[in-house]
Amino acid sequence: MSEPAPAGGRLGRRVPRLLRSWVAANPLSAYVWLMCLAGTAVVSVMLVAAVHTPTDSWRIAAAAALFLLADRPLLEIRFGRDNESFTWAEVCVLVALVIVPLPILVPAAAFAVLAYHSLMRHHPFKSLFNGAAFALGTALAGLTVWVVGGEAAYGAHFDVRQGFALAAGALVFSAFNGAAVALAVALSERLAWLDVLRKGLWLRSLVDLGNGLVGIGVVAMAVWSRPTLLVLPPVLAVMYAAYRGYLHAMQERDLWQQLESACRQLNQLDESAVATSVIVNAAAMFKADTVEVLVAAAGGRPGTLYSGGADGVREVRQESLDGIGGSALSDGTGDTSALMVYATPLEGPQGKAGVLRLGFRGPVDLTKRERQVLKTFGHSVSSALQNVALYSEMRTHAEAKAYEASHDGLTGLGNRALLHDKAQIALAGASDDWQSALLIIDLDHFKEINDTLGHAAGDVFLQQVGQRIVSSVKEADAVCRLGGDEFAVLISGLRTPEHADAVAARLLTVLSEPVGFDGLRLSIEGSVGVACYPADASSFDELLRRADVALYQAKTARGSFSHYRVDRDESSLHRLALAAELRTALAEDQFVVYFQPQFDLATGSPVGAEALVRWQHPKRGLLAPDTFIGAVEHSGLIRDFTMVVIEKAVAECASWAADGSQLTVAVNLSARNLLDKEISTDVGRVLLRHGLPAERLVLEITETTMMSELEVVEEVLGALRTMGVQLSVDDFGTGYSSLAFLQRVAVNEVKIDRSFVGGLADSESARALVRATVQLAHSLGARAVGEGVEDEVLAEALRTLGCDFAQGYHLGRPMPADALRKALGLRQVPRAVPGPRTDVEGRHLRAIAG
């Protein structure tokens, strides 16, 4: 086993460790003590040597007098709370080196400088440090003179060698003194030693050079012609005054140059950048330990406080302008008790705009000139902050205007201008491998919302729809509202055009979900047109046009989407052109009504006719409904168009009645018509004007319209039913049937869709569906009508299943009114229109060619 180390050994190891810790924690104190110990050692050695170095007493007295003047400052430059002084030291040392031996000179220098600082009541540490540093510098200078000049340097004759030796000694003295002081300042201010040494180096070198030349000149004059020394004091006094004035001028010029540079750097338009510039430059100009800039806020709100130093902003926080005080100034360490504060207000047009404050760890007395510079700098800072505030206000206003110019005010989405800008960026990055897609969305029943519930409901609906689109296409480059109920989605980075179709399908699913408003659930579907770049278009304008074309194609089938197809573009453009001509067509009565007859399956007698509109276009000829009905429904002219058709149909039916006929006439109503509360009034006026009984008019509605959750639909249908107008459910079985609705509205007729009638010959399921529909109609007190009867087989099948009426190409094609009159022989009065039938007689129908 090893024996424990003796206590003395442990103590021996602990002392160096404790000493290193103390030095690391107190580097400045350690440096001063080291300098004092070195100075004491040198002075002690010199005192021992001085015993054997006789000299005249007057020489010692003269040297002591010189050293009392040696540390008197010509000029002081402040580094934080410490000052670096420029003195006559080099002159005094060189003269003293010639008249007093070095062993006596070094102790005399140490004691004289120590005595001077004690008389000036400087801090003991500072006095000890300066005395030790002066003694060491003097010793190094004397040794340099001896090494360079030898014994001849101290001789009674002055020559070039002696002058060179004295110059070398002066250089060593000034270099040591500058480096020692710079290290003390660096340790005191926690700065880099080389940075401190470089500060004022040119000024220090100039002073040292002048002092060296003066010292060498004094020595030369004393050797060559001692009487000339009598004129030396007044000459030195003049030189001293000029020297001091020049140095002060240089210092002041440097200060004003710093101010000019600092003010130039304030030419910025960002508050944080201005505050950073203020803090860095103020710390450099005034050697402050910490600088604070408090920028007041409008309306009495807390301002923004920026705090930092020469290294920049260290802290930003909210602070009240009224509550800020000297003790609150932060030095970055949390210790504010020892801070000395200089503050200058920052005045603005509306009063106090803030405060600029300088903090020093220790007593600092700013000169009158520095106070003036601080005040001037404060004015510049105030102006800079005012410019920042004005620019910020202008920028905010400009951003608001730019936002308004590129966004929709209702939904907050982008508008057409933003879509154009985003598209230019997206299209620039597209390639054959990466597609950019434009999807245009149009809501199918939005006008009914506005017309029925008002624009407030429409606005809420548009906002909710916009948010749904945004949430469902998070990958979109832009989601915009183009106007009305039309939206656009731009997506880039798609692998293939088919990926855009998947997005469109997703959008349709989202749009199909009901939207809540004031207790109602509004179900409005949408249509989507899709076009891709570069697959479908070569520019944004072309992409937009082709997405519009695709949208128009999609609207032919509600709640669907369509991808642009070049082979359908010509047709779509044709329809778009027709939409622009609708108003003229109505004004010039270009719409004509054809009639398709309807027959009683039991008797074969005609019972009515369905009015089917055609457009007699002046250039394109007779146009079928499927080429323009979609455009009419979305043109805003649907009400006028419907009333034109009803007017023509009722007028024709009235002429039949005048011939003694009991035929009815059926007219299709659009879903938008049933959201118009005035439709029943308008229909009543038409019937009254032509003298036609209301029961002779049959208005057909689709199941999609029937299933609308809007109460206004039931209200409108109820009003028409009360008038006596017959109601028919068209294309029954293709939508979402509501038996409750059929019961509430009490329809007179249920029309079985041609898709079911066409399958009667070879499909048992089709027969079952038709049979169930016929029975449902009869149970509700309504008649059943089969559509799309294309041959006798289908007519016989319907008759067998108990269907009441039928229509189709086999029985009669749509034809003009004159042709219908001739084909039906309307001068022979047919029997009354029957109600629901349960007995079926097998009779042949009279076929009528269209």
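Residues numbered from 1 in each chain as written. Predicted model: local features only at pLDDT ≥ 70, side-chain atom pairs only at ≥ 80, totals over all residues. Heavy atoms only, no water.

A look at empty space enclosed by the protein
Link 1 in the chain: Scanning all chains against the criterion turns up three cavities of 30 Å³ or more.
Link 2 in the chain: Space inside the largest cavity adds up to approximately 80 Å³.
Link 3 in the chain: In this structure, the largest cavity is lined by 15 residues; those nearest its centre are Q598, T664, V698, E749 and R783.
Link 4 in the chain: Take the lining of the largest cavity: its biggest share by element is four residues, from strand β16 (residues 606-617).
Link 5 in the chain: When the residues that make up the lining of the largest cavity are grouped by side-chain class, the tally is six nonpolar, four polar and five charged. (1 Å grid on protein atoms, 1.4 Å probe; cavity = no way out; pocket = protein on both sides within 12 Å on 5 of 7 lines; lining within 4 Å. Points joined across faces, edges and corners; volume = space filled by probe spheres on them. Helix = DSSP H or I, 4+ residues; strand = E, 2+ residues; numbered from the N terminus. Nonpolar A, V, L, I, M, F, W, Y, C, P; charged D, E, K, R; others polar.)

Description of the nonpolar core
Buried together is how nonpolar side chains tend to be arranged in soluble globular proteins.
Link 1 in the chain: The biggest cluster of nonpolar side chains holds 77 residues, and the ones touching the most others in it are F595, I646, W656, L697, L699 and L798.
Link 2 in the chain: A per-element tally of this core places helix α21 (residues 638-658) first, with nine residues.
Link 3 in the chain: Filtering out sequence-adjacent residues up to four positions away, L697 remains in contact with V650, V665, V667, V683, L687, V725 and Q726. (Core = buried A, V, L, I, M, F, W, Y, C linked by side-chain atoms within 4.5 Å. Buried < 20%, exposed > 50% of the residue type's maximum accessible area, 1.4 Å probe, protein only. Contact = heavy atoms within 4.5 Å.)

Looking at the confidence of the model for the protein chain
Predicted coordinates in areas of low pLDDT are best not read in detail.
Link 1 in the chain: Within the protein chain, residue pLDDT values average 78, and 77% of them lie at 70 or more.
Link 2 in the chain: Across residues 324-338, confidence stays below pLDDT 50; counting only partners more than four residues off in sequence or on other chains, it has 33 contacts.
Link 3 in the chain: Below pLDDT 50 for its whole length, residues 828-850 participates in 64 contacts with residues either more than four positions away or in separate chains. (pLDDT = per-residue confidence, 0-100.)

What to know about the pairing of strand β18 (residues 664-668)
Link 1 in the chain: Within β18, four of the five residues are buried, which leaves it mostly tucked inside the rest of the structure.
Link 2 in the chain: As defined by bridge partners, β16 adjoins β18 across three bridges and the pair is classed as parallel. Among the inter-strand pairings, E610 is bridged to a residue of β18, identified as A666.
Link 3 in the chain: Assessed by its sense of winding, the connection that carries the chain from β18 through helix α22 (residues 679-690) to strand β19 (residues 697-702) is right-handed. (Pairing = 2+ DSSP bridges. Right-handed = clockwise from strand over helix to strand, strands pointing away.)

Quick look at the pattern of salt bridges
Link 1 in the chain: Tallying each qualifying case throughout the model produces 22 salt bridges.
Link 2 in the chain: In this structure, the salt-bridge partner of E610 is K751, at a minimum N-O distance of 3.2 Å. Here K751 lies in strand β21 (residues 749-752) and E610 lies in strand β16, a separation of 141 residues in the sequence. The two residues E610 and K751 agree in class, both being buried.
Link 3 in the chain: The partner of E787 in a salt bridge is K751, and the shortest N-O contact between them spans 3.4 Å. Within this pair, whereas E787 is found in the loop between β22 (783-786) and α28 (792-800), its partner K751 is found in strand β21, the two being separated by 36 residues in sequence. Like E787, the residue K751 is buried in the burial classification.
Link 4 in the chain: Taken together, the shared-partner salt bridges in this structure form one network comprising E610, E700, K751 and E787. (Salt bridge = Lys/Arg side-chain N within 4 Å of Asp/Glu carboxyl O.)

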